Amino acid sequence: MSEVLRAEHVTRVLPGEVPVTLVRDVSLTINRGEFVNIQGPSGSGKSSLLYLLGLLDVPSEGRIWLDGVDTSGFVEDQLAEVRLAKLGFVFQFHFLLGEFTVLDNVMLPMAKLGRLEPEAQRERAAGLLKELGLGEQLHKRPDQLSGGQRQRVAIARAMANEPLIILADEPTGNLDTASSRNVQQILSEVAHTRNKTIVAVTHDPEFARAGDRIIRIVDGRIESDG
Ligand SMILES: Nc1ncnc2c1ncn2[C@@H]1O[C@H](COP(=O)(O)OP(=O)(O)OP(=O)(O)O)[C@@H](O)[C@H]1O
Ligand SMILES: [Mg+2]
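All values reported here derive from a predicted model rather than from experimental measurement. (Residues numbered from 1 in each chain as written. Chains lettered and ligands numbered in written order. Predicted model: local features only at pLDDT ≥ 70, side-chain atom pairs only at ≥ 80, totals over all residues. Heavy atoms only, no water.)

Visitor: Explain the overall build of the protein to me, please; I cannot follow it from the model alone.
Guide: The number of helices and strands found in the protein is 7 helices and 10 strands. Computed over the C-alpha atoms, the radius of gyration of the protein is 17 Å, within 12% of the 17 Å expected from 2.2 N^0.38 for a compact globule of 226 residues. Dimensions of the protein, computed from the C-alpha atoms along their principal axes, are close to 50 × 40 × 35 Å. Once local pairs closer than 6 in sequence are excluded, the contacts in the protein between residues at least 24 apart make up 70%. (Helix = DSSP H or I, 4+ residues; strand = E, 2+ residues; numbered from the N terminus. Rg over C-alpha atoms; globule rule 2.2 N^0.38 Å. Contact = heavy atoms within 4.5 Å.)

Structure (structure tokens):
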């Protein structure tokens, strides 16, 4: 199995008069194709850890390696470039742009990366959306879709640049049961048949059971991993 993500003794402290420790001495290795779930009580530091693993935040101590590269010392521009090319994000709230169509929302990361010609971007975006059952919705705006459909658009957007890893924070947190199962199945399929790595924070026990590994966080530390 090949390693795609590694945290080495990662600690994140918010400085201040009373410093707050969000993540304490976390070390973990994630391999290609793994579907990893992060669980733990509210306020235990799950989102904080996910942001560190997704290079949306930087450790106060320790290092994060992505695809064999040590990202410590990267400046924000370098982090943004790596995120765009190698990572995809899905959050509890979809963060789609309301003034753009579904198709345009999925094309945006490709346009930013600039590796494909506009026509190829359009084709790839339409293909992804069709695979996710949204072939009829390409030219609609996000507010014309259901919550589950919007979350599938967010997954298509996360996959736009063929990321190594998709990071998801409570991707089913805002959905009804049927839509939650659907989103969970799509993410399992993405991990298991397309060999993408998924790291998801979830409170949803059924979602966690669909994964390969559960990392339990308590008080900013790894309590168990397996
Ligand atoms: N910007 C901040 N300033 C102060 N405290 C913060 C900040 N961000 C997070 N925290 C605190 O750090 C701890 C960890 O937060 P985090 O959001 O990572 O938890 P979580 O496990 O994702 O919780 P939840 O399950 O509720 O989403 C919490 O106690 C939170 O209140
Ligand atoms: Mg959280």
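Visitor: Help me understand the side chain of Ser48 in this model?
Guide: The topology assignment puts Ser48 in helix α1 (residues 46-53). Excluding residues within four positions of it along the chain, Ser48 makes contact with Leu22 and Val23.

Visitor: When you look at a nonpolar patch on the surface in this model, what are you seeing that I'm missing?
Guide: There is a patch of nonpolar side chains on the surface, built from Leu97, Phe100 and Leu108 and spanning about 210 Å² of accessible area. Within the fold, Phe100 resides in the loop between β6 (87-90) and α3 (102-113). By relative accessible area, Phe100 is classed as partly exposed at 30%. (Patch = residues over 30% accessible without salt bridge, like charges linked within 9 Å, V, L, I, M, F, W, Y side chains within 5 Å. Areas by Shrake-Rupley, 256 points an atom, 1.4 Å probe, with all protein chains shown as cover. Salt bridge = Lys/Arg side-chain N within 4 Å of Asp/Glu carboxyl O. Buried < 20%, exposed > 50% of the residue type's maximum accessible area, 1.4 Å probe, protein only.)

Visitor: Quick question: what am I supposed to make of the site of ligand 1 here?
Guide: Around ligand 1, the neighbouring residues are Leu14, Leu22, Pro41, Ser42, Gly43, Ser44, Gly45, Lys46, Ser47, Ser48 and His203. Interatomic distance of 2.6 Å between a side-chain N/O atom of Ser42 and an oxygen atom of ligand 1. Take Ser48: an N or O atom from its side chain is 2.5 Å from an oxygen atom of ligand 1. When residues of the shell around ligand 1 are assigned to their parent elements, the largest contribution, 3 residues, is made by α1. When its residues are assigned to classes, the shell around ligand 1 shows 3 nonpolar, 7 polar and 1 charged. (Near = heavy atom within 4 Å. Polar contact = N/O pair within 3.5 Å; in protein donor to acceptor, adjacent residues only side chain to side chain. Nonpolar A, V, L, I, M, F, W, Y, C, P; charged D, E, K, R; others polar.)

Visitor: Explain the sheet that holds strand β2 (residues 20-31) to me, please; I cannot follow it from the model alone.
Guide: To summarise the sheet geometry, strands pair through backbone hydrogen bonds and adopt either a parallel or an antiparallel arrangement. Strand order across the open sheet formed by 4 strands is β2-β1-β4-β5, with antiparallel pairing between neighbours. Lying at the two open borders of the sheet, with one neighbouring strand each, are β2 and β5 (69-70). Sheet topology places strand β4 (residues 61-66) next to β5; 2 bridges connect them, and they run antiparallel. From the neighbouring strand, Trp65 faces β5, where its bridge partner is Asp70. (Pairing = 2+ DSSP bridges.)

Visitor: When you look at the pairing of β2 in this model, what are you seeing that I'm missing?
Guide: Consecutive residues of a regular strand have side chains that alternate between opposite faces of the sheet. Here strand β1 (residues 3-14) pairs with β2 via 8 bridges, running antiparallel. Across the sheet, residue Val10 finds its bridge partner in β2, namely Val26. Hairpin connection, β1 to β2: the antiparallel pair is bridged by 5 residues, and Gly16 has positive phi, about 160°.

Visitor: Before we go on, may I ask you to explain the sheet that holds strand β8 (residues 197-201) in this structure?
Guide: If you trace the 6 strands from one edge of the open sheet to the other, you get β6-β7-β8-β3-β9-β10, paired in mixed fashion. Among the strands making up the open sheet, the edge pair consists of β6 and β10 (221-225). In this sheet, adjacent strand axes meet at a mean angle of 20° when their direction is disregarded. Where strand β9 (residues 213-218) lies against β10, 4 bridges are found, and the strand directions are antiparallel. When the bridges of β10 are listed, Ile215 appears paired with Asp225. Sheet strands in contact with α1 are β3 (35-39), β7 (165-169), β8 and β9, and its direction is about 155° off that of β7. Here helix α2 (residues 76-86) sits on the sheet in contact with β6 and β7, set at roughly 80° to β6. (Axes fitted to C-alpha atoms, helices over the stretch in contact; angles between N-to-C directions.)

Visitor: Explanation requested: the environment of Ile198 in the structure shown.
Guide: Within the secondary structure layout, Ile198 lies in strand β8. Residues Ile198 and Asp212, 14 residues apart in the sequence, show an inter-C-alpha distance of 9.9 Å. Look past the residues within four positions of Ile198 in its chain and what remains in contact with it is Glu34, Phe35, Val36, Ile166, Leu187, Val190 and Ala191.

Visitor: Sorry, what's going on with the side chain of Lys46 here?
Guide: Residue position: Lys46 is located in helix α1. Buried charge without a salt bridge: Lys46, with Glu170 as the nearest opposite-charge side chain at an N-O distance of 5.3 Å. In this structure Lys46 touches Ile38, Gln39, Gly40, Pro41, Val201, His203 and Ile217, once residues within four positions along its chain are discounted. (Lys, Arg positive; Asp, Glu negative; His and termini not counted.)

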